[in-house]
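Read off the chains here:
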Amino acid sequence: MSGMQLFGATTYAERRKRLQQAIPSGIILLMGNEESPCNYTDNVYPYRQDSNFLYFLGIDQPGLAAIIDVDAGKTILFGDDPDIMHIVWMGALPSMSELATAAGGAETMPYSRMESYLSDARSKGRSIHYLPPYRAENSIKLSVWTGIPLNGLAAGASVPLIEAIVALRAHKSEEEIAQMEQAVNTSGLMHIAAMKAARPGMKEYELVGLVESIARAGGGALPYTVILSVNGQILHNHYYGNTLHPGQLVLGDFGAETGMHYAGDITRTFPADQQFTTRQKEIYQIVLDTEVAAIQSLKPGIRYLDVHLAAGRQIAEGMKSLGLMKGDSDAAVAAGAHALFFPHGLGHMIGLDVHDMEDLGENYVGYGSEVTRSTQFGLRSLRLARALQPGFVLTVEPGIYFIPELINLWRKEKLHTEFINYEKLEAYYDFGGIRIEDNVLITTEGHRVLGNPIPKTIAEVEALRAG
Ligand code: GLY
Ligand code: MN
Ligand code: MN
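My aim in this report is to walk through the structure given alongside it, one point at a time. Every value quoted in this text rests on a predicted model; they were computed, and no experiment measured them. (Residues numbered from 1 in each chain as written. Chains lettered and ligands numbered in written order. Predicted model: local features only at pLDDT ≥ 70, side-chain atom pairs only at ≥ 80, totals over all residues. Heavy atoms only, no water.)

Regarding the sheet that holds strand S9 (residues 249-254)
With antiparallel pairing, the 3 strands of this open sheet are ordered in space as S8-S9-S10. Of all the strands in the sheet, the pair left with one neighbour each is strand S8 (227-229) and strand S10 (266-271). The average undirected angle you get between the axes of adjacent strands in this sheet is 10°. As judged from the 3 bridges shared by S8 and S9, these two strands associate in the antiparallel manner. Each residue of the ladder has a partner; that of leucine 228, found in S9, is glycine 252. (Pairing = 2+ DSSP bridges. Helix = DSSP H or I, 4+ residues; strand = E, 2+ residues; numbered from the N terminus. Axes fitted to C-alpha atoms, helices over the stretch in contact; angles between N-to-C directions.)

What to know about the coordination of the manganese ion (ligand 2)
Within the protein, Asp253 (OD), Asp253 (OD), Asp265 (OD) and Glu437 (OE) serve as the donor atoms for the manganese ion (ligand 2), at 2.0 to 2.4 Å. Taken together, the 6 donor atoms surrounding the manganese ion (ligand 2) define angles of 57 to 170° at the centre, an arrangement classified as irregular. When the donor residues of the manganese ion (ligand 2) are listed from N- to C-terminus, their spacing reads D-x11-D-x171-E. A separation of 3.2 Å is found between the manganese ion (ligand 2) and the manganese ion (ligand 3), which share aspartate 265 as a coordinating residue. With aspartate 253 in strand S9 and glutamate 437 in the loop between strand S13 (433-435) and strand S14 (438-442), this pair connects stretches of sequence that are 184 residues apart. (Donors = N, O, S within 2.8 Å, 3.2 Å for Na, K, Ca; no water. Tetrahedral: all angles 85-135°; square planar, octahedral: opposite > 155°, others 65-115°.)

Comments concerning the pairing of strand S1 (residues 27-31)
Counting buried residues in S1 gives 5 out of 5 residues, a clear majority hidden from the surface. Residues Ile27, Leu29 and Met31 point to one face of S1 and Ile28 and Leu30 to the other, with burial holding for every one of them. Note that S1 and strand S7 (residues 128-129) share 2 bridges and pair parallel. Residue isoleucine 28 lies in a different strand from S7, and its bridge partner there is histidine 129. Sheet topology note: the S1/strand S4 (residues 65-69) ladder contains 5 bridges and is antiparallel. Note on S4: the bridge partner recorded for leucine 29 is isoleucine 67. (Buried < 20%, exposed > 50% of the residue type's maximum accessible area, 1.4 Å probe, protein only.)

Topic: the site of ligand 1
In the vicinity of ligand 1, the residues found are Tyr224, His236, Asp253, Asp265, His348, His355, Glu397 and Glu437. Histidine 348 places a polar side-chain atom, nitrogen or oxygen, 3.2 Å from an oxygen atom of ligand 1. Between ligand 1 and the protein, one listed contact pairs an oxygen atom with a side-chain N or O atom of glutamate 437 at 3.3 Å. Burial of ligand 1 by the protein amounts to 94% of the accessible area it has alone, namely 200 Å². One can see that ligand 1 is located within the largest pocket. In the shell around ligand 1, the residues fall into 1 nonpolar, 3 polar and 4 charged. (Near = heavy atom within 4 Å. Polar contact = N/O pair within 3.5 Å; in protein donor to acceptor, adjacent residues only side chain to side chain. Areas by Shrake-Rupley, 256 points an atom, 1.4 Å probe, with all protein chains shown as cover. 1 Å grid on protein atoms, 1.4 Å probe; cavity = no way out; pocket = protein on both sides within 12 Å on 5 of 7 lines; lining within 4 Å. Sits in = over half its atoms within 2 Å of the grid points. Nonpolar A, V, L, I, M, F, W, Y, C, P; charged D, E, K, R; others polar.)

Observations concerning the environment of arginine 465
In this fold, arginine 465 is placed in helix H17 (residues 458-466). Given a relative accessible area of 1%, arginine 465 falls into the buried group. Polar side-chain contacts of arginine 465 include one of 2.9 Å to the backbone oxygen of proline 271.

Notes on the coordination of the manganese ion (ligand 3)
The protein atoms that coordinate the manganese ion (ligand 3) are Asp265 (OD), His348 (NE2), Glu397 (OE) and Glu437 (OE), at distances spanning 2.1 to 2.2 Å. Given 6 donor atoms and angles of 47 to 161° at the metal, the environment of the manganese ion (ligand 3) is assigned as irregular.

Examining helix H6 (residues 136-146)
Among the residues of H6, Asn138, Ser139, Lys141, Leu142, Ser143, Trp145 and Thr146 are the ones counted as buried. Looking one or two residues past H6, glycine 147 carries a phi angle of roughly 75°, positive in sign.

Points about empty space enclosed by the protein
Scanning the entire structure with this criterion turns up 3 cavities of 30 Å³ or more. Lining of the largest cavity is provided by 15 residues; of these, Met31, Asp50, Leu131, Pro132 and Pro133 occupy positions nearest its centre. Those elements that provide at least two residues to the lining of the largest cavity are S1 and H6. The element contributing the most residues to the lining of the largest cavity is S1, with 3 residues. If you add up the space inside the second largest cavity, you get close to 60 Å³. Gln5, Phe7, Tyr12, Arg15, Leu54, Tyr55, Gly58, Met260, Tyr262 and Leu352 together form the lining of the second largest cavity. (Points joined across faces, edges and corners; volume = space filled by probe spheres on them.)

Here's the deal with the packing of helix H1 (residues 9-22) against helix H8 (residues 159-169)
The contact between H1 and H8 brings their axes to 10 Å, and the two run at 140°. With respect to each other, H1 and H8 are oriented oblique. Every pair of crossing elements has a handedness; the one defined by H1 and H8 is right-handed. Seen from H1, the contacting residues are Arg15, Arg18, Leu19 and Ala22; seen from H8, they are Leu161, Ala164, Ile165 and Leu168. (Parallel < 35°, antiparallel > 145°, perpendicular 65-115°, else oblique. Left-handed = near helix turned anticlockwise from the far one by under 90°. Contact = heavy atoms within 4.5 Å.)

Put into C-alpha cells, the structure is as follows:
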C-alpha cells in the first residue's frame, strides 16, 4: 500500500479487541493527525501520524479518525477516498476499504459523518471516551464534535481509556521489539559516524547534517530533534552553530525512527580530540559505571524510582571521590544535592514515541497508583518511577553536567553546602556535560540491551576517534 508499512491486519484487530475488553461501554474516539502548516498552508511540517492511531489502526496518513463502538463491537474508520486533484499532486492512495482491511477490518464512513455520529451518541447519553488532544487542529475539531469548550477538553479526556491504552502499549510485542532493535541499530550507525567524523575546527551542524542523513537512509525519520553540542550541559540543546575546539567534549543525543515510527534514543559523549583528558576520563568513568550498574540491576518488580536513586548515590560517591562532593552520599541524595550535577531522571519508556505515551500524561505512564511523584528539584523530572514489568522498553541515561548558572545560583543561596565543594567546582565551569544512554527491554529473566552494542568504554570511544 503506497509504501506505508503496517504489521499484519490481525495485529490491529487483536489490539482493538483488547482495548474494547478494557472499556465497559460507550464509544472510543481515536483521532488521526492532519498535515500541519509550517510557514504557509501548503508548506507543511513533516507528516507524523498520532501514535495511538498508529498502534490501533496502523494507517500512516492524514484525513482519518476512528470510532470503536464498544456496545456494537465494531470499528468505524472515517475518511474519504482521494479525489483527482489529490491524486494529481500527491499520487494515488489506497481506497478507504483497502485501508479498513489493512487495519484489521472496519466499516467506513465519510469524514463529514463524524459530527453527526457523535452528536447522535451524545443525545442518547452514551459516553464518548477520547484522549487528551495535543495539536491545535485536533483540539478545534474535537471541541466542535463533542460540544466541549476548548479549555475543557483536557479535563474531559477519558481516564479509563488512558489507563487501558497505557496498559497495552507499555508491553511491547515481539514484532514491536524487532522494530525497536532496528531503530537502535540505525541510531548506533549515526553515533559511530559522528564519533568517526568529528574534528576540531568543525561546526556542530556539520555533524548534525551527517547523522540526520543516516536516519533518513535507514528508511525512517527522526524521533526527536537532534541534540548535539559542545555545550553538553544544556540538556536539550538545539543550537548547532559552535565550532569544536580541542579540549572540549561533544555530547550527542539522537536516534532514528523506523519506517513504522518506532524510536531509538541513544546518547554518547566523546572528546573533540582523539583522546579524553584525565579530568574528562574521571567524570566519564563515573557516568559509564553508573549506566552499566543501573542496566545490570534491571529486572521485573524493581521500581525504576529505586534504580534512579541508586544511580544518584553512585554519582554522588563518584563526585566525592574527586573531592567535588562531601558528606554522606545517602543523605546527599535524600536532600537532592547530587541533582546539581544530575538534574534529570534516569530514563523513560520508549516505543512509538521517544517519551512513550507522554501525550496521555506522564504520570499515567510512569507512576500510576504505585508511586507518588516528588516535587524535589531533579527527582521531579523523573518520568518513570513504577515497578518494571516484562515487555517494558525504557531508556537508561545518567549524566553529569556542570551548569555554571545553576552552580552560581546554588552557591549564592548557600544550598547544600554540607554536600558540595563549591570552591573545587570553579575549575569545572568550562567542562560541559556527559550523558550515556541506551535502550533496554525488560525480560522475564531480567533485561536485554536492544540493538548491536554501540561503543561506550573509554578505550572503545578513543579507538573510534583515532580511526
Ligand atoms: N532524547 C531526549 C531524552 O533522552 O529524553
Ligand atoms: Mn536521549
Ligand atoms: Mn531519553
